[in-house]
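# Notes for the structure review
Here is what each chain is made of, one letter per residue.
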Amino acid sequence: MSRFEVTPVETFDVTLEVPGDKSMSHRAAMIAGLATGTSTITGFLPSEDCVNTLQAMKACGVRCEVLEELPGFGPVAMRIEGRSMHLTAPSGSIDCGNSGTGMRLLAGLFAGQDFITELFGDESLSSRPMGRIIQPLAAMGCRIEALGEKEGSAPLRISPAEIQPIRYELPMASAQVKSAVLLAGMTAAGTTEVIQPAVTRDHTERMLEAFGVKVVTEGLHVSLAGGQVPQARDFHVPGDISSAAFWIVAAAARPGARLVVKRVGLNPTRTAILDAIERMGATVIRRPVEDVQGEPFGDLEIHGAPLKGTDLLPEEIPNLIDEIPVLAVAAALAEGTTRIRNARELRVKETDRVATTVENLRAMGGQVEEFEDGMEITGGAPLRGAEMKSYGDHRIAMAFAVAGLFADGPSTILGTECVRTSYPGFDHHLAAVCRGAVAESDYQLPTRAPNA
Ligand code: S3P
């Protein structure tokens, strides 16, 4: 079992570039694979989750030529030859690994194909709720069965069917469910409309638009007409703000620390972490770069300060849902109380992240009260160095590695293999932060041409 050994760090001045955005990388592999023509995708996240999605597309006839890779992980640049919406039957079941995004979006994408697909995942993914996509997809005419032991759980079997358009009111603020319905709607005869209860990340809409598919967004309503075929294009995936969040919190909570994150995604449906950390007292300088492909990105500079607690707003929750474990760490380091409520969705992520965050905060001596829909943290007391588990959840492993930087002694995080699902090279960046600085030549993970 691999582990992180973390020793506390005084201050640091670090510039780094985090790997590509996970949500966008999944979608780039899928949409380029559905498109007419050949797309060059750069900045692809070579993590297990995204590589599984790419493998799924390849298993269905999509050709992919790797141009550059991160050794030991996977491709970061490639040419993808799309199949003009007509995939071919895979020779076996498709492994989605640990990824809810991979499984839910692929289920929508396969709904209108004329072959049978079976999607399976690891133990965590097999226990996550799939009823949330089965219900709308079935209402669209999709023949989708949940084969797992638990009701409505993976593996999923999808059989050929005629897909009908739908007007669907999402019962929860989920970009994954919205995206599954929209991708299924691509093959429907008519217009599919999804109504969200709150704004959720809009990468599917933006990427479809970038590939020439007309998507109409009016407030919380998103619709697209079926029968459109994406047109190939080159697409660069910016850095993942959810990965940058670990270093953003590490810098924000350390007065005197400075962090620069280069070329990171700044899509407004993902930047509530910056608003929260600013409210807590840190300085955040945003340097947006022109956005040429529909996804805003730029550089960020963070200056640390003594933090104070904050209340996360209900509408912020979907925008920073993946950052809550590390925000909880910031809260434990801040004076006063931080309230994180309306976040029941945390309980159905890779782990029950209310429970796993609370468990680890308490192991470090943090004061936290658990609620069905979140937690309240009273911060300011010193954190104790501790031995903690990742529970197989990448974001828990990384959040508590950051907490270890602020403890009164060394900490160990056990079971850190899971970090490969979203952040290849996290240990490299952790070491740079622990050294207090990182050389300009070192801030980008070392990629190379395949077989070089
Ligand atoms: C994602 C959406 C979010 C997020 C997940 C990635 C996506 O899930 O937690 O890590 O890429 O669409 P939900 O939309 O189910 O909340």
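Owing to the predicted nature of the structure, the values given are computational and were not obtained by experimental measurement.

Using the residue numbers shown here, the UniProt feature "binding site: 3-phosphoshikimate" (unreviewed entry) corresponds to Lys22, Ser23, Arg27, Ser174, Gln176, Asp322 and Lys349. Relative to the elements of secondary structure, Arg27 occurs in helix H1 (residues 22-34). Given a relative accessible area of 2%, Arg27 falls into the buried group. With respect to the helices and strands, the residue Asp322 is situated in the loop between strand E17 (297-303) and helix H10 (324-333). When sequence neighbours within four positions are dropped, the list of residues in contact with Asp322 reads Arg201, Ser242, Lys349, Arg353 and Arg395.

To continue, consider the sheet that holds strand E16 (residues 283-289). Spatially, the four strands line up as an open sheet ordered E2-E15-E17-E16, and their pairing is mixed. One side of each edge strand has no neighbouring strand; the edge strands of this open sheet are strand E2 (13-16) and E16. Between one strand axis and the next, the sheet turns by 15° as a mean value, whatever way the strands run. When E2 meets strand E15 (residues 258-265), the two strands line up parallel, connected through four bridges. Across the sheet, residue Leu16 finds its bridge partner in E15, namely Val261.

Moving on: the packing of aromatic side chains. Throughout the structure, instances matching the rule amount to six aromatic pairs. Taking 5.0 Å as the distance between ring centres and 20° as the angle between the ring planes, the aromatic pair formed by Trp247 and Phe426 counts as stacked. Here Phe426 lies in helix H13 (residues 426-435) and Trp247 lies in helix H8 (residues 241-252), a separation of 179 residues in the sequence. Each member of the pair, Trp247 together with Phe426, is buried. Centroid distance Tyr423 to Phe426: 5.3 Å. Interplanar angle 75°. Geometry classified as edge-to-face. You'll find Tyr423 and Phe426 in the same group, each marked buried. Feature note: the residues Phe4, Phe246, Trp247, Tyr423 and Phe426 constitute an aromatic cluster, connected by ring pairs. Over the aromatic face of Phe371 sits the side chain of Arg341, whose NZ or CZ is 3.8 Å from the ring centroid.

We note that the domain assignment places domain 1 (3-20 + 238-443) and domain 2 (22-220) within the chain. Contacts between domain 1 and domain 2 engage 26 residues on the former and 28 residues on the latter. Both faces considered, domain 1 and domain 2 share a buried interface measuring about 2400 Å² in area, 50% of it formed by carbon and sulfur atoms. Contact with domain 2 buries area across many residues of domain 1, yet Glu350, Arg420 and Thr421 alone supply 24% of it, more than any other trio.

All right, on to the UniProt feature "active site" (unreviewed entry) in the chain then. The positions UniProt marks with the feature "active site" (unreviewed entry) are Asp322. Among the polar contacts made by the side chain of Asp322, one reaches the side chain of Arg201 at a distance of 3.2 Å.

For the rest of this paragraph, the subject is the environment of Leu259. Tracing the backbone shows Leu259 in strand E15. Using a relative accessible area of 0% as the deciding quantity, one classes Leu259 as buried. Each C-alpha atom of the pair Leu259 and Thr416 lies 24 Å from the other, and the pair is 157 residues apart in sequence. Residues in contact with Leu259, not counting those within four places in the same chain, are Val14, Leu16, Trp247, Ile248, Ala251, Leu300, Glu301 and Ile302.

What follows deals with the side chain of Glu17. Within the element layout of this structure, Glu17 appears in the loop between E2 and H1. A relative accessible area of 11% means that Glu17 is categorised as buried. Discounting residues that sit within four places of it in the chain, Glu17 has contacts with Lys262, Arg263, His429, Tyr443 and Gln444.

Attention now moves to helix H3 (residues 100-110). H3 sits mainly inside the fold: eleven of its eleven residues count as buried. Along H3, the residues that are buried comprise Gly100, Thr101, Gly102, Met103, Arg104, Leu105, Leu106, Ala107, Gly108, Leu109 and Phe110. The N-cap residue of H3 is Ser99: its side-chain oxygen and the backbone nitrogen of Thr101 are 3.4 Å apart.

Right, let's talk about the sheet that holds strand E12 (residues 215-218) for a bit. Either a parallel or an antiparallel arrangement is found when strands of a sheet pair, and the pairing is made through backbone hydrogen bonds. Spatial strand order, E10-E11-E13-E12: four strands in an open sheet with mixed pairing. Two strands in the sheet have a free side with no partner beyond their single neighbour: strand E10 (167-169) and E12. Here the average twist between neighbouring strands, direction ignored, is 15°. Packed onto the sheet, helix H6 (residues 175-185) meets E10, strand E11 (191-195) and strand E13 (221-225) and runs at close to 175° relative to E11.

With that settled, consider the site of the ligand. The full set of residues close to the ligand is Ser23, Arg27, Thr101, Ser174, Ala175, Gln176, Arg201, Ile321, Asp322 and Lys349. Contacts to the ligand include Arg27, whose side-chain N or O atom sits 2.6 Å from an oxygen atom. Measuring from an oxygen atom of the ligand, one finds a backbone N or O atom of Gln176 at 3.0 Å. Taken by itself the ligand offers 380 Å² of open surface, and the protein chains cover 95% of this. Looking at the shell around the ligand, its residues break down into two nonpolar, four polar and four charged. Here the shell around the ligand gathers at least three residues from each of two domains, domain 1 (3-20 + 238-443) and domain 2 (22-220).

Quick notes on the rules
- The numbering scheme is per chain: residues are counted from 1 as the chain's sequence reads.
- The predicted origin of the model limits local features to residues at a pLDDT of at least 70 and limits the giving and counting of side-chain atom pairs to 80 or more, whereas totals for whole chains, interfaces and linings rest on all residues.
- As a rule here, side-chain values cover all heavy atoms of the structure and leave hydrogens and water aside.
- UniProt positions are given in the numbering used here, feature names are shortened, and annotations may be inferred rather than shown by experiment.
- Only DSSP runs of H or I reaching four residues or more are called helices, and only runs of E reaching two or more are called strands; each is numbered from the N terminus.
- Relative accessibility thresholds used throughout: buried, under 20% of the residue-type maximum; exposed, over 50%; partly exposed, between the two (1.4 Å probe, protein chains only).
- Whether two residues are in contact is decided by their heavy atoms, any of which lying within 4.5 Å being enough.
- When DSSP locates at least two bridges between a pair of strands, those strands are taken to pair.
- Orientation is described by lines fitted to C-alpha atoms, with helices fitted over the stretch in contact, and by angles between N-to-C directions that extend from 0 to 180 degrees.
- Here is the rule: rings of Phe, Tyr and Trp (six-membered ring for Trp) pair when centre to centre is within 6.5 Å. Planes less than 30 degrees apart are stacked, more than 60 are edge-to-face, and the remainder are tilted.
- Placement of a positive charge over a ring is assigned whenever Lys NZ or Arg CZ falls within 6 Å of the ring centre and within 35 degrees of the normal to the ring plane.
- Source of the domain bounds: an automatic or database domain assignment.
- Buried area: the sum, over both parts, of the accessible surface (1.4 Å probe) that disappears when the two are put together.
- Within 3.5 Å is the distance limit for a polar contact, defined as a pair of N or O atoms, with the added protein rule that one can donate a hydrogen and the other accept it, and that residues adjacent in sequence qualify only through two side-chain atoms.
- Any residue with at least one heavy atom within 4 Å of a molecule or strand is counted as near it.
- Accessibility throughout is a Shrake-Rupley quantity obtained with a 1.4 Å probe, and a residue counts as covered only by protein chains that appear here.
- Residues are sorted three ways: Asp, Glu, Lys and Arg are charged, Ala, Val, Leu, Ile, Met, Phe, Trp, Tyr, Cys and Pro are nonpolar, and all the rest, Gly among them, are polar.

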